[in-house]
Amino acid sequence: MTDQDWISRFAGLSSLEAPLRETLVARSAVISVPAGTMIFGPGKAPENLLLLLSGTVRVQQLSEQGREIVLYRVHAGESCVLTTACLMAYEDYSAEGIAETEVEAAAIPKSVFDDMIARSGTFREFVFSAYSRRITELFHVIEEIAFQRMDIRIAEKLLELMGRDGQIHATHQKMAAELGTAREVVSRQLNEFQRRGWIALSRGVIEIVDTGALEALAGS
């Protein structure tokens with residue numbers, strides 16, 4: 001990949017004025033991060049805005065009791081809304097970002113971010129459009145946690161995570177983190193789904209037996 005190629009991955013940046021585009025390329029870098037790496041964490045100040053070219057980053061919040069809640073994931077072609085917020089507010093992170101897979105990203109240093117925000121309406125529109133979309137998604141997550149029935153949410157999550165072989169390799173604790181609830185709540189509902197014959201549970205694996213039943217519940 002050439003330096004110019006990464007900008008072409010982002011429609012909002014491809015229309016940057018030529019001098020600003022050249023500045024952005026010259027002052028940024030394409031980096032690779034191994035799977036499992038903590039990219040950022042609570043109390044740390046953001047150094048770069050990362051625009052993902054490949055891979056997935058999981059952004060999660062840890063409670064004082066150590067319980068994880070997955071807030072959202074950042075995929076190729078996206079940026080992290082928490083990083084954007086911290087860069088603009090000059091604040092430290094309050095959550096952590098973990099590379100779920102090997103990640104390749106364009107790293108725009110904070111000084112370059114500040115400069116581009118001040119100088120370019122095109123760059124500002126790119127940043128704030130992505131920010132607005134993710135904030136809307138976060139409100140949807142909050143609404144689900146607060147108001148949607150847990151059995152429906154678990155059915156939706158099972159269908160979302162199901163592999164082609166009909167299996168999900170995840171512990172009950174991981175499912176609880178995905179849903180922002182307690183492990184006991186997830187275990188109780190999964191056991192009920194198993195009793196109904198919709199899934200089969202084994203250590204670290206959830207096998208979907210009746211996809212239609214889960215789809216009916218998820219759509220109710």
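Residues numbered from 1 in each chain as written. Predicted model: local features only at pLDDT ≥ 70, side-chain atom pairs only at ≥ 80, totals over all residues. Heavy atoms only, no water.

Novice: What is the right way to read the sheet that holds strand 5 (residues 68-75) from this model?
Specialist: Pairing between the strands of a sheet comes from backbone hydrogen bonds, and it takes one of two forms, parallel or antiparallel. The sheet built from four strands is open, its strands ordered 2-6-4-5 with antiparallel pairing. Each edge of the open sheet is held by one strand with a lone partner, namely strand 2 (38-40) and strand 5. In this sheet, adjacent strand axes meet at a mean angle of 30 degrees when their direction is disregarded. Sheet topology places strand 2 next to strand 6 (residues 96-99); two bridges connect them, and they run antiparallel. Looking at strand 6, one finds that Met38 is bridged to Ile98. (Pairing = 2+ DSSP bridges. Helix = DSSP H or I, 4+ residues; strand = E, 2+ residues; numbered from the N terminus. Axes fitted to C-alpha atoms, helices over the stretch in contact; angles between N-to-C directions.)

Novice: Help me understand the UniProt feature "domain: HTH crp-type" (unreviewed entry) in the protein chain in this model?
Specialist: The positions that UniProt labels "domain: HTH crp-type" (unreviewed entry) are, in the present scheme, residues 148-212. Taken end to end, residues 148-212 is 54% helix and 17% strand, and its first and last C-alpha atoms sit 20 Å apart. (UniProt positions renumbered as here; feature names shortened; annotations may be inferred.)

Novice: Would you take a moment to explain the nonpolar core for this structure?
Specialist: Inside soluble globular proteins, nonpolar side chains tend to come together where they are buried. Of all hydrophobic cores here, the largest spans 21 residues; its most connected members are Trp6, Leu13, Leu24, Leu51, Ile108, Phe113 and Phe123. Those elements that place two or more of their residues in this core are helix 1 (3-8), helix 3 (18-27), strand 3 (48-54), strand 7 (103-109), helix 5 (110-119) and helix 6 (121-147). The leading source of residues in this core is helix 5, at four residues. The residues touching Phe123, leaving out its near neighbours within four places in the chain, are Leu13, Leu16, Ile108, Phe113, Met116 and Ile117. (Core = buried A, V, L, I, M, F, W, Y, C linked by side-chain atoms within 4.5 Å. Buried < 20%, exposed > 50% of the residue type's maximum accessible area, 1.4 Å probe, protein only. Contact = heavy atoms within 4.5 Å.)

Novice: Looking at this structure, I do not really get the sheet that holds strand 9 (residues 199-202). What am I missing?
Specialist: Read from one edge to the other, the open sheet built from three strands follows the order 8-10-9, with strand pairing classed as antiparallel. Since the sheet does not close on itself, it has two edges, and those belong to strand 8 (167-169) and strand 9, each with one partner. Going from strand to strand, the sheet's axes swing by 15 degrees on average, the running direction of each strand aside. Here three bridges tie strand 8 to strand 10 (residues 205-208), and the two strands are oriented antiparallel to one another. Paired with Ile168 across the two strands is Ile206, which belongs to strand 10.

Novice: Can you walk me through the pattern of salt bridges in this structure?
Specialist: Charged atoms that come close allow side chains of opposite charge to pair. The full count for this structure, using the stated rule, is 14 salt bridges. Ionic pairing is found between Asp115 and Arg119, a salt bridge with its closest N-O pair at 3.1 Å. On the criterion of helical spacing, the pair formed by Asp115 and Arg119 is a turn pair, its members being four residues apart in helix 5. Overall, the relative accessible area of 48% leaves Arg119 in the partly exposed class. Notably, a salt bridge pairs Arg195 with Glu192, separated by 2.7 Å at the nearest N-O pair. Remark: Glu192 and Arg195 occur in helix 9 (residues 183-195); sequence separation between them is three residues, near one turn of the helix. Overall, the relative accessible area of 63% leaves Arg195 in the exposed class. Salt bridges sharing common partners tie together Arg58, Arg73, Glu100, Lys157, Glu160 and Glu178. (Salt bridge = Lys/Arg side-chain N within 4 Å of Asp/Glu carboxyl O.)

Novice: Just checking my understanding: could you explain the domain arrangement of the protein chain for this structure?
Specialist: In many analyses, interface size is given as the accessible surface area lost on bringing the parts together. Domain boundaries assigned for the protein chain yield domain 1 (7-119) and domain 2 (149-218). Each of domain 1 and domain 2 was reduced to a C-alpha centroid, and the two centroids are 31 Å apart. Across the contact, five residues belong to domain 1 and six residues belong to domain 2. When domain 1 packs against domain 2, the two sides together hide about 500 Å² of surface, and 44% of this comes from carbon and sulfur. Considering only the surface of domain 1 that becomes buried against domain 2, Arg67, Val70 and Arg73 emerge as the three largest contributors, covering 70% of it. For the salt bridge of Glu178 with Arg73, the shortest nitrogen-to-oxygen distance reads 2.3 Å. Linking domain 1 with domain 2 are two residue pairs in polar contact (both at pLDDT 80 or more), by the criterion used here. Here the side of domain 1 that touches domain 2 is composed, by residue class, of two nonpolar, no polar and three charged. (Domains from an automatic or database assignment. Buried area = accessible area lost by both parts, 1.4 Å probe. Polar contact = N/O pair within 3.5 Å; in protein donor to acceptor, adjacent residues only side chain to side chain. Nonpolar A, V, L, I, M, F, W, Y, C, P; charged D, E, K, R; others polar.)

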